[in-house]
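If you want the building blocks of each chain, they are given just below.
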Amino acid sequence: MGNSCERPERGMESGMISVDKWSSGSQAYFLTHLHADHTVGLSSAWKHGLLFCSRLTSRLFPCKFPDFDLSLLRVLRVGSWHSITLTTPSSGAPTQVYVKPIDAHHCPGSVMYLFRGKFGYMLYTGDFRWEAAGNEVQSGRTMLLDSLKKRTLNTLHLDNTYCNPRYSFPSREVASKQVVDIITSHPDHDVIIAIDSLGKEDLLLYISRTLNIKVWVWPERLQIMHILGFRSNFTTQTTVTRVRAVPRYSFTTETLEGLNKTRRTIGIMPSGLPWPAKAKEKSVNVFGSSSCSERTAQTSNDDSSNDTISLEEGSIKRYGKYIYVVPYSAHSCFSEIKDFVELLRPINIKGIVSSASCHIDPCYYFDHLCGTQQAFWRSHQKPDNEDQGGNTVEDDVREGDVHSPYSVVRRKKRAMEFFRVSRVQVMRRRSHGSKITDAADDDDE
DNA sequence: GCGATCAGCT
DNA sequence: CACAGCTGATCGC
């Protein structure tokens, strides 16, 4: 199921449900959240079956798929069991599947799905952040344990994006404070912050409330903010604020250099993802901007020591002259993933993220926490050679293309896109609320 | 011409 | 390391 690894599903037959996978052949489709990498294959013309999602996702849905047939949407209430009748493919017999969405704290509307049926229990996390200190996770922990009722979780489909001990970063609350510190230590600068079409609203709200300013966003993004219920903290007027959130794809060193020709501007990149290792970057002390530049100058002729990236401090990095990288991540870091697996102790784990160059196999790290069936698969899975400094062919190829005239043209075009605010088409809003059907709650199963 | 898919880039 | 998402090329219809 889903875009997970190839191991056959033990419990559930194929052809029953799909999570974040949109090809035909399933009886029920579940959407965890609206980021593009989870909606590949989904379009306004899609009509392979019923689509289940959270209330908030259903409200945001028409922004991404304006002409989608909303009669196919079914809203599942977060924290409640819902009953769905499906057909067992092998026998043709009807069977009940129960599903409970649980807040994934990844982006607005994002949920994990806990399934229960003849196959036992299965949890599909989608993308998720499990900040143990937060109240939200405490209630999530309680909800998961109460839902499982001491039964075994057969299969955990896990967000393994940062499933490697090398990934260690602070909570989003801490990272948000770091961002505010950067802004206040640059009182005479404009600030641009890179964001995507959905996510990191908490960060922007924290900035807005702490500094008592509005944050500029582009028109489509303001529509999203309004749907999320944030009215007073955001604006599309450039004159009323020095802090602007811009699309990540328009956020480059060239953009910052261009902006600095007319106005002193810094960029902030909130991301759990380290920037490319060849970039010159340093840990900086936000609380004294003068010492930042000193340090940068000091080490600038010592490239060899800057090639490695360490995230263990969760520290702020400097990229180029104007860009700060702050460890604000919407995915769980390794210790959080570990806590999550220790809580659930499933029989099987499958990573939902696989990449060509580095398979981060959760089984490698968490086998000892799992059921006996893991042992069989472990013998087939080699741990990734994460500490061997792999001889990556890809890196060589990538470097060769960076300076092609073609890519320069494209970057300029993107940067221009960012300035042409008035051109941007304002997103269509539709009266869709009444057309979206709630799936019946089935709290007492 | 249009949609789906993929490669490339950041 | 690999996020989320844009752009452009290609292919089939």
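Note that the structure is predicted; figures quoted are calculated from it, not measured.

A. Expanded view of the packing of helix 3 (residues 172–184) against helix 4 (residues 201–211). Packing of helix 3 against helix 4 leaves a shortest axis separation of 10 Å and a crossing angle of 50 degrees. Taken together, the axes of helix 3 and helix 4 lie oblique to each other. Taken as a pair, helix 3 and helix 4 cross one another with a handedness that is right-handed. The residues of helix 4 that touch helix 3, namely those facing S176, K177, V179, V180, I183 and T184, are L203, Y206, I207, T210 and L211. Of the residues belonging to the contact of helix 3 with helix 4, the class tally is seven nonpolar, three polar and one charged.

B. Representation of helix 3 in the model. Its 13 residues place the ends of helix 3 18 Å apart at the C-alpha level, agreeing with the 18 Å of an ideal helix rising 1.5 Å per residue. Close packing links the buried residues of helix 3 with strand 10 (190–195), helix 4, strand 13 (243–247), strand 14 (265–270) and strand 17 (323–326).

C. Geometry of unusual backbone geometry. The phi torsion at D20 lies on the positive side, around 55 degrees, for a residue other than glycine. The residue D20 is located in the loop between strand 1 (17–19) and strand 2 (28–30) in this model. Phi angles above zero are rare outside glycine, and K150 is one such case at about 65 degrees. On the secondary structure map, K150 appears in the loop between helix 2 (135–148) and strand 9 (153–158). Look at K150 and you get exposed, because its relative accessible area is 86%.

D. Molecular detail of the pairing of strand 10. With six of six residues buried, strand 10 is to be regarded as a mostly interior element. Judged by which residues are buried, strand 10 turns out to be covered on both faces: D190, I192 and A194 on one side and V191, I193 and I195 on the other are all buried. Of the strand pairs in this sheet, strand 10 and strand 14 are connected by four bridges, and their pairing is parallel. The residue bridging I192 from the neighbouring strand is G267, located in strand 14. Summarising the sheet, strand 10 and strand 13 pair through five bridges and their orientation is parallel. Note on strand 13: the bridge partner recorded for I192 is R244.

E. Fine view of the packing of aromatic side chains. Tallied over the entire structure, the rule returns 16 aromatic pairs. Measuring from centroid to centroid gives 6.2 Å for W46 and F68, while their planes differ by 15 degrees, and the two rings are stacked. Here F68 lies in the loop between helix 1 (55–64) and strand 4 (73–75) and W46 lies in the loop between strand 2 and strand 3 (50–53), a separation of 22 residues in the sequence. Of the two residues, W46 and F68, both sit in the buried class. Aromatic pair F128 and F340: ring centres 4.6 Å apart, planes at 50 degrees, arrangement tilted. With a gap of 212 residues between them, F128 in the loop between strand 8 (120–124) and helix 2 and F340 in helix 8 (residues 334–344) connect regions that are remote in the sequence. When its relative accessible area of 0% is taken as the criterion, F128 is described as buried. Positioned above the aromatic ring of W81, the side-chain terminus of R116 is 5.4 Å from the ring centre. For R116, the ring lying beneath its charged end belongs to Y98, and the centroid distance is 4.4 Å.

Conventions used here
- Residues numbered from 1 in each chain as written.
- Chains lettered and ligands numbered in written order.
- Predicted model: local features only at pLDDT ≥ 70, side-chain atom pairs only at ≥ 80, totals over all residues.
- Heavy atoms only, no water.
- Axes fitted to C-alpha atoms, helices over the stretch in contact; angles between N-to-C directions.
- Helix = DSSP H or I, 4+ residues; strand = E, 2+ residues; numbered from the N terminus.
- Parallel < 35°, antiparallel > 145°, perpendicular 65-115°, else oblique.
- Left-handed = near helix turned anticlockwise from the far one by under 90°.
- Contact = heavy atoms within 4.5 Å.
- Nonpolar A, V, L, I, M, F, W, Y, C, P; charged D, E, K, R; others polar.
- Expected span 1.5 Å × (residues − 1).
- Buried < 20%, exposed > 50% of the residue type's maximum accessible area, 1.4 Å probe, protein only.
- Pairing = 2+ DSSP bridges.
- Phe/Tyr/Trp six-rings, centres within 6.5 Å; stacked < 30°, edge-to-face > 60°.
- Lys NZ or Arg CZ within 6 Å of the ring centre and 35° of its normal.

Everything listed here is a matter of geometry and, on its own, says nothing about what the molecule does.
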